[in-house]
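Topology and contacts: notes
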Amino acid sequence: MRLNTFGVPGAVGAEFSSFFSIEDNRSSLKDAKENLQAVQTIINTKVSIETDKSRGVNPQVQLWLSRVEEIITDKTLEVEYDKLTRGGFFRSCTLNLPHRHKVGKKIRKKLVHVKDLIDDVKNFTDVGVDLPVDMVDPIPQAKTFGMESMLKQLHEYFEDKERCIIGVSGQGGIGKTTLLTDFFNELSGGSDLRVVILIDVSNSEMLDVKAIQHTITEQLGLPWVDTETEDARARLLMKALARKRFVILLDDVRKKFHLEDIGIPVPNTDNGSKIILASRDEDVCREMGAMKSLIRMQLLDGQSSWDLFLSNLSTDARNSIESGYSIKWRAMAIKNSCQGLPIALKVTSRALAGLKSPNDWRDAIKTLNMGLSETGGVDQIFQPMKYSYERLDATTKKCFLYCILFPEDSSIRKEQLVEYWIAEGFIPPNQNWKANFTIISKLKSACLLQETNFGLKVRLHKVIRQFGQWLANQETNFLVQAGKNLESAPEIDQWNGPQRISLMSNDIRDLSFSPNCNNLETLFLQNNPNLKSLTSKFFKTMTKLRVLDLSNTAIKELPDCDALCQLQYLNLCQTPIIKLPRRFWVLKELRYLDLSQTEALEETYDNCSKLLNLRVLNLFRSHYGIRDVSDLDLDKLKELNFLGITICSEDVLRQLKKTHPLAKSTHRLSLRNCAGLKSIHFTIFNQMKQLLVLYIESCPKLTELVMDQGEREVSKLEVLTLWELPCLDTILVKSMPHYFMMLRELTIYECPKLENINWVAKLESLDKLVVSGCNQMVHIIAEIDSGTHGMHNRTDDMSEEEEMKSLIEEACQIKIGENMIVTDEQVGENIEFPKLRSVLLTDLQNLVSICRPRKFPSLESIRVQECPNLVRLPVSSAHKIIKLRQICGSSEWWNRLEWDGKEIRREMENYFIAI
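Residues numbered from 1 in each chain as written. Predicted model: local features only at pLDDT ≥ 70, side-chain atom pairs only at ≥ 80, totals over all residues. Heavy atoms only, no water.

**Focus on unusual backbone geometry**
- At D252, a residue that is not glycine, the phi angle is positive and equals roughly 60 degrees.
- Here D252 is to be found in the loop between β5 (246-251) and α11 (259-262).
- With relative accessibility at 3%, the residue D252 sits in the buried group.
- With a phi angle near 55 degrees, N673 is a residue other than glycine that sits in the positive phi range.
- Take N673: it is sitting in the loop between β21 (666-672) and β22 (679-681). (Helix = DSSP H or I, 4+ residues; strand = E, 2+ residues; numbered from the N terminus. Buried < 20%, exposed > 50% of the residue type's maximum accessible area, 1.4 Å probe, protein only.)

**Focus on a negative patch on the surface**
- A cluster of like negative charges, contributed by D208, E230, D231, E260 and D261, occupies part of the molecular surface.
- Elements with a contribution of two residues or more to the negative patch: α10 (230-242) and α11. (Patch = residues over 30% accessible without salt bridge, like charges linked within 9 Å, V, L, I, M, F, W, Y side chains within 5 Å. Areas by Shrake-Rupley, 256 points an atom, 1.4 Å probe, with all protein chains shown as cover. Salt bridge = Lys/Arg side-chain N within 4 Å of Asp/Glu carboxyl O. Lys, Arg positive; Asp, Glu negative; His and termini not counted. Charge placed at Lys NZ, Arg CZ, Asp CG, Glu CD.)

**What about empty space enclosed by the protein?**
- Applying the stated rule across the entire model yields five cavities of 30 Å³ or more.
- One number sums up the size of the largest cavity: a volume of about 120 Å³.
- Taken together, 13 residues make up the lining of the largest cavity; nearest its centre are L836, V839, I850, C851 and F856. (1 Å grid on protein atoms, 1.4 Å probe; cavity = no way out; pocket = protein on both sides within 12 Å on 5 of 7 lines; lining within 4 Å. Points joined across faces, edges and corners; volume = space filled by probe spheres on them.)

**Here we look at the confidence of the model for the protein**
- With 82% of its residues at a pLDDT of at least 70, the protein reaches an overall mean of 81.
- Confidence over residues 1-13 falls short of pLDDT 50; this stretch has 13 contacts with residues more than four positions distant or in other chains.
- Taken as a whole, residues 131-135 scores under 50 in pLDDT and shows eight contacts with residues more than four places along the chain or in a different chain. (pLDDT = per-residue confidence, 0-100. Contact = heavy atoms within 4.5 Å.)

**Description of the side chain of Q526**
- Tracing the sequence through the fold places Q526 in the loop between β14 (522-524) and β15 (533-534).
- Residue class for Q526 comes out buried when judged on its relative accessible area of 3%.
- The residues touching Q526, leaving out its near neighbours within four places in the chain, are Y420, M504, S505, D549, L550, S551 and T553.

**Some thoughts on the sheet that holds strand β9 (residues 450-452)**
- One open sheet holds the three strands; their spatial order is β8-β10-β9, and the pairing between them is antiparallel. Of all the strands in the sheet, the pair left with one neighbour each is β8 (412-413) and β9.
- Bridge count between β9 and strand β10 (residues 457-459): three bridges; the pairing is antiparallel. Note that in β10 the partner of T452 across the bridge is K457. (Pairing = 2+ DSSP bridges.)

**Comments concerning the packing of aromatic side chains**
- Taken as a whole and assessed by the stated rule, the structure comprises 27 aromatic pairs.
- Site record: aromatic cluster; members linked through ring pairs are Y402, F406, Y420, F426, F524, Y569 and Y592.
- Above the ring of Y157, the side-chain terminus of R163 is found at 4.1 Å from the ring centroid.
- Here the guanidinium or amino end of K274 rests over the ring plane of F158, the centre of that ring lying 5.9 Å away. (Phe/Tyr/Trp six-rings, centres within 6.5 Å; stacked < 30°, edge-to-face > 60°. Lys NZ or Arg CZ within 6 Å of the ring centre and 35° of its normal.)

**Topic: the state of the cysteines**
- Within this structure, the stated rule accounts for zero disulfides.
- The thiol of C403 is unpaired, and the distance to the nearest cysteine sulfur, on C399, comes to 7.6 Å.
- Cysteine C774 remains unbridged, with the sulfur of C751 as its closest cysteine sulfur at 5.0 Å.
- Taking relative accessible area as the criterion, C774 reaches 0% and is therefore assigned buried. (Disulfide = S-S within 2.5 Å.)

**Focus on helix α3 (residues 59-73)**
- For α3, built from 15 residues, the straight-helix expectation of 21 Å at 1.5 Å per residue is met to within 8% by its first-to-last C-alpha distance of 21 Å.
- Within the span of α3, buried status applies to V61, W64, L65, V68, I71 and I72. Angular distribution of buried residues about the axis of α3 spans 125 degrees; they occupy a single face of the element. In α3, the exposed positions angled more than 90 degrees off the buried face are occupied by P59 and E70. (Expected span 1.5 Å × (residues − 1). Arc of directions from axis to C-beta.)

As structure tokens, this is what we get:
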């Protein structure tokens, strides 16, 4: 018979323990639950990472989380124990023995349950699971109507091997983009194509070669090098696409351009690739090569128009239409006013979605008929859409018209758009960004705004933008010549009167006049890279100006700003401005000031601390840095909720380590030119709860970075850059760095004394790794490498076994009871680099190896340049990189690579692109 520590049989001992060890068990249960909550936090973080990467959640994990939540939230046992022990230990022992035994038994069972839950984690082979992957990710698309014949014709042309370039033509808003999107989505059904890319060209004035190249580069999984010329990128893309069978869909082509200038090979019958382009102009389709393969879009017929119209109405509205002929007749009259144009039908029917009674429909058609009787020609298409606009509230109308200030087809970041609206006084500032996005949701629901870039940006459809301009001409006074490739500004007399002026994204060289702008509230001059100067009295009459954007211009000095007493928003990002005006403090209403990446800024005259209404202050990567603790005189800015800052002193950094008011607002931080700084412990950043981006650069004596065992809280840091650190030779990561769990991008540039960066193997969220100019780096990760290299010194002095400890053990060192700790077996197999997609290695003269072969479940692209001694890649016949798309490097380097065998070399040659 098995005896326990009491010297009695196990079952009896358990009952003994329930009664006599109730206090100890209760204490152990409390500790165990705290540890369980710590594990729960880590698993939830892992789940968030997986869902952010569009992966599913392991059903085992979901069930485990629900059980943990139930255990943690159930307070019944705590209440029973408190009642039992009220009055002291002796009373609880003697007055209610059966009840004490009952409660003790529950505590013991719950303690076992909690420990079992922690043990269960060892069964999680992976927190996330891959969702079914298609060749292309379908684009969300509503049901279409009346496209069947055109889609059929597109399929017929596509299957014809002789038709390599196919054109689709038709007026704006007729459905060309919808047709291309439908076809793009159908290609996800399992064809043998290697690459399918949909690109919005929109070259009405000038072709944005860089943006198109970026889209293709991203879809191919190639690393993006911002400093490369367009020609160099085009050559690389030509080589990459030439090895594949591709379909590229080019939407909204306004003018002819050469595919080769972008980097797109002209398809032919031999390679089986296709180009499908859409344009409003048939001649453009022909000029691009679609002479014999042209599809002409048609307006919707009566039935398709009616079906589309009804599809956007509520159930009540549709029922009311069917309830009587008079309502149906009115609804069909409204439908007919849209003349079969899909965009007009969508916008108008969305506005009518809630109508129910005959009176509602009668009023709607009365309003429309009144407008139609006053207009003619193209304006008749806009009149039904105006009904939708008129149903918006006054604030949403202003926000919609504001969107026409941006160039045609340009996408606008949601956060940026909201900042403009706040500065204009359309909406109040709100700490809850979801609340700020309410108006964007309203405009989307009305089909007046479209989401792009996975919901991060928005834009206007071309026809909707024309509609907005038509409205603005009737209701407001705007001067909009954005993205027109202008080299000179409009004549001075055109500046008199407008409320808003947008001349952004042009090539204007100077503004050598003093306009009369008494009514001007908005002035967009950003993205004029050659705009060098404004006259000294340029702002003299702009007393109502609220928004001024001069970002990405060549402005070196601001003229006198005294008149700008109402200015709320000023953006000088990426300008060579040298100093702020001495009387800059007069801008007392300023809420938003962006001075980031101002590489020449030397003096602010302490003006920033005098702008007491600032909500956003961005000095990230500015030449003007905080050099003295006294310069931190920004805690007067009580409204500040976003701070980007450049620090040039170790003393200042220590000050921010404390609970300094600025720490809680810091989102972006650059440590630059800290002459005496020798060591950085990352616990110094613990107070910066919102820190997303960290640059450590040009600190000449910095030798050591230490990631201590710190708080359990996971930081939000996503981007870390180590730049020009000549003495940095040690990066110590003594335990799993909670601080880096969300890190997506790591760049190490010109750190010549680093020999390896072993710790990167612990970065679970790492998406992109860039290492350049580290001449002493021999290995990215130093380890036993296929028997050809010995074990090299590790920067963190940890054994291989210690290095591979799981997240739970390394992050928390959780103790359960007296001796038990959570180990790597309890979180399943620790797969290194689970999210890494891109590796870029350049100018590493002594690099011998990256690491030993691994699974690399997400790796798509490897690019190697000027690494003459790198002769092996981390791939073998036993460790194939299943998602690999590209290996880029010189032919000379490729020919020197060593492989495990001829078979793996032949397989890898399919992915090689010479650069």
